[in-house]
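# What the coordinates show
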2 protein chains.
Amino acid sequence: MTSDNATAYPVDTVNRVKRLHQRGAYDHATIHALLDGGMLCHVSYVIEGQPYCTPTLYWREGTRLYWHGSSASRMLRNLSNGEPACLAVTQLDSLVLARCGFNHSVDFRSVMVFGQARLVTDPAEKERALVMMVDRLFPHRTALLRQSSAQEIKATAVIAMDIERASAKVRTKGIGDNEEDYSLPIYAERIPVRTVLGKPEPCPRLLPGVERPHTLDPYREGRELEAALAEAYAASYATL
Amino acid sequence: MTSDNATAYPVDTVNRVKRLHQRGAYDHATIHALLDGGMLCHVSYVIEGQPYCTPTLYWREGTRLYWHGSSASRMLRNLSNGEPACLAVTQLDSLVLARCGFNHSVDFRSVMVFGQARLVTDPAEKERALVMMVDRLFPHRTALLRQSSAQEIKATAVIAMDIERASAKVRTKGIGDNEEDYSLPIYAERIPVRTVLGKPEPCPRLLPGVERPHTLDPYREGRELEAALAEAYAASYATL
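Residues numbered from 1 in each chain as written. Chains lettered and ligands numbered in written order. Predicted model: local features only at pLDDT ≥ 70, side-chain atom pairs only at ≥ 80, totals over all residues. Heavy atoms only, no water.

By the naming in an unreviewed UniProt entry, chain A is Pyridoxamine 5'-phosphate oxidase family protein, taken from Acetobacter garciniae.

Written out as structure tokens, the structure reads:
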């Protein structure tokens, strides 16, 4: 992992990777690639001293993150005024079975992002965000859809957070036993884990002649979700 | 979703599912099944008003959760005295492309658990936890491994949290467009998402004659991780 200072997030006591710090990275390229290959995050926030951990959908625009929720949700009411939040995205890559318990592990890639979350209230920013919430996943799809009603726009809340600090943590080494343990007659292996797309299931109520648009080509059976998301992200933001 | 009062977690303002409450469940069967089919969670905790969201490995024992980390980690130092925490596990099941932006969604299953996290310091509880940290995933494996050293045991921290409150939230309905939108010439589909095991990769340094033990049979190529984890969990805890 390299960290280009010109394009890296600042590091301090909040986001410095302390445990096995050689696995840490702070550069934009590493952190943004992890964010753009995901769609599901967990967001942590605090209400009266109680931490909450909420799964939701997110996407990146430059060094800003957006995420989604209903106006009715507890999380969004609480974060509307610039509340501290932490958002994490994690990809599990393999299970690592070593020759002792201590060296059992997983290969993974994760990113943690810190900032002040705020409710998006500016109409132009919200309109654009509601388009990108869909188009970030499915490039140019919003233009093909039934237009949103005022009530739907009102009922959808969007949260924005400028990334103040961030860190990535990556483990890729597979089995890493103590040197002397390799001489023991113990079975060890790495089991890869992949999150893949199944066969797309067209709605049974499609009108005759309505075909799957080519903008959905990134989403094909057997492909890794992460690769499809990264391709869709690049296609969506390339033309803006 | 049914909720058997005799075997359900209590519900109050902290864990009640407010948004689309019909998707909420509080019964042990629903919540425990979701927990036992996962291994990666995100844990939220608070340090000086700053929320953190940390991915880690966890497992369940009755109505108690355990999770793992190094003694050196910031999270565990902070949670050692019974600090409030929230742990979430989420399974993404499909992407849902509807006929308007508002009805775009995902099918998912998630669980949030609340309680007071504490560092496991009792030697007997810690010893048992270090066995189950491995054996919960790979039944009876610890007995086949090189024994842990005192230094390794000291360097591994285990956190325990009795589940005080919990909620599950499940969406399974796929496409749910407004009735009038089905008459529009717009393409809609559901794309299944599955997290599956790849082909296990034996360590290249295995000694001759060392075979894969049958206790790893739940982990076979192409199987869903969730099914393998649930089978392994049942096998591990069945004989205790």
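Turning our attention to the overall build of chain A. Across its full length, chain A carries five helices and 10 strands. In terms of overall dimensions, chain A has C-alpha extents of about 65 × 50 × 35 Å along its principal axes. Every one of the 240 residues in chain A was classed for burial, and the buried ones make up 57%. Counting contacts in chain A only where the partners sit at least 6 residues apart, residues at least 24 apart contribute 71% of the total. Taking the average location of the 28 positive side-chain charges in chain A and that of its 28 negative ones, the two points are 3 Å from each other. (Helix = DSSP H or I, 4+ residues; strand = E, 2+ residues; numbered from the N terminus. Buried < 20%, exposed > 50% of the residue type's maximum accessible area, 1.4 Å probe, protein only. Contact = heavy atoms within 4.5 Å. Lys, Arg positive; Asp, Glu negative; His and termini not counted. Charge placed at Lys NZ, Arg CZ, Asp CG, Glu CD.)

With seven of nine residues buried, helix α1 (residues 28-36) of chain B is to be regarded as a mostly interior element. Buried within α1 of chain B are the following residues: H28, T30, I31, H32, L34, L35 and D36 of chain B.

Let's shift gears to the relation of the copies chain A and chain B. For the match of chain A to chain B, the screw axis carries a shift of 0.0 Å, the RMSD comes to 0.0 Å, and the turn is 180 degrees. Both chain copies can therefore be described as sitting about a two-fold axis. Considering only C-alpha atoms, the part of chain A nearest the rotation axis is T195 of chain A, at 2.0 Å. Interface residue correspondence from chain A to chain B reaches 100%, placing this contact among same-surface, isologous pairings. (Least-squares fit on C-alpha atoms with pLDDT ≥ 70 in both.)

Soluble, globular proteins show a tendency: their nonpolar side chains are buried together. Core analysis: the largest hydrophobic core is formed by 28 residues, its most contacted members being L92 and L95 of chain A together with M39, F138, L197, Y219 and L225 of chain B. Of all the secondary structure elements, the ones that give two or more residues to this core are β5 (81-97), β6 (105-119) and β9 (189-197) of chain A together with α5 (225-238) of chain B. Ignoring sequence-local partners within four residues, the contact set of L225 of chain B consists of L92, L95 and V193 of chain A together with M39, T195, V196 and L197 of chain B. (Core = buried A, V, L, I, M, F, W, Y, C linked by side-chain atoms within 4.5 Å.)

Mapped onto the elements of the fold, L97 of chain B is located in strand β5 (residues 81-97). Taking the C-alpha atoms as reference, L97 of chain B lies 7.0 Å from I175 of chain B; in sequence the two are 78 residues apart. L97 of chain B has contacts with F138, R141 and L216 of chain A together with H104, I175, A188, E189 and I191 of chain B, leaving out every residue within four places of it along the chain.

Glancing now at the interface of chain A and chain B. The partner chain B presents 86 residues to the 86 residues of chain A that form the contact. Here chain A meets chain B over a buried area of about 7700 Å², counting both sides, of which 65% is carbon and sulfur. Across the contact surface, chain A and chain B share eight salt bridges. R205 of chain B is the partner of E179 of chain A in a salt bridge, and the nearest nitrogen-oxygen pair spans 2.5 Å. The dominant element in the side of chain A that touches chain B, judged by the number of residues it contributes, is β9 of chain A, at nine residues. The pairing of strand β10 (residues 201-202) of chain A with strand β9 (residues 189-197) of chain B spans two bridges and is classified as antiparallel. When the sheet's bridge partners are listed, E201 of chain A is paired in β9 of chain B with R190 of chain B. (Buried area = accessible area lost by both parts, 1.4 Å probe. Salt bridge = Lys/Arg side-chain N within 4 Å of Asp/Glu carboxyl O. Pairing = 2+ DSSP bridges.)

Right, let's talk about the pairing of strand β8 (residues 165-171) of chain A for a bit. Regular strands show a simple pattern: their side chains alternate between the two faces of the sheet. Residue and element names in this part refer to chain A. With six of seven residues buried, β8 is to be regarded as a mostly interior element. Pairing of strand β1 (residues 24-25) with β8 involves two bridges; the strand directions are antiparallel. Across the sheet, residue G24 finds its bridge partner in β8, namely K169. Pairing between β6 and β8: seven bridges, direction antiparallel. Bridging across to β8, F114 finds its partner in R165.

For the rest of this paragraph, the subject is the pairing of strand β3 (residues 50-61) of chain B. All names here are of chain B. Summarising burial for β3: 11 of the 12 residues are buried, a large majority. Where strand β2 (residues 40-47) lies against β3, eight bridges are found, and the strand directions are antiparallel. Residue pairing across strands places S44 opposite C53, the latter belonging to β3. The hairpin formed by β2 and β3 contains two residues between the paired strands, and E48 there has a positive phi angle of roughly 50 degrees.

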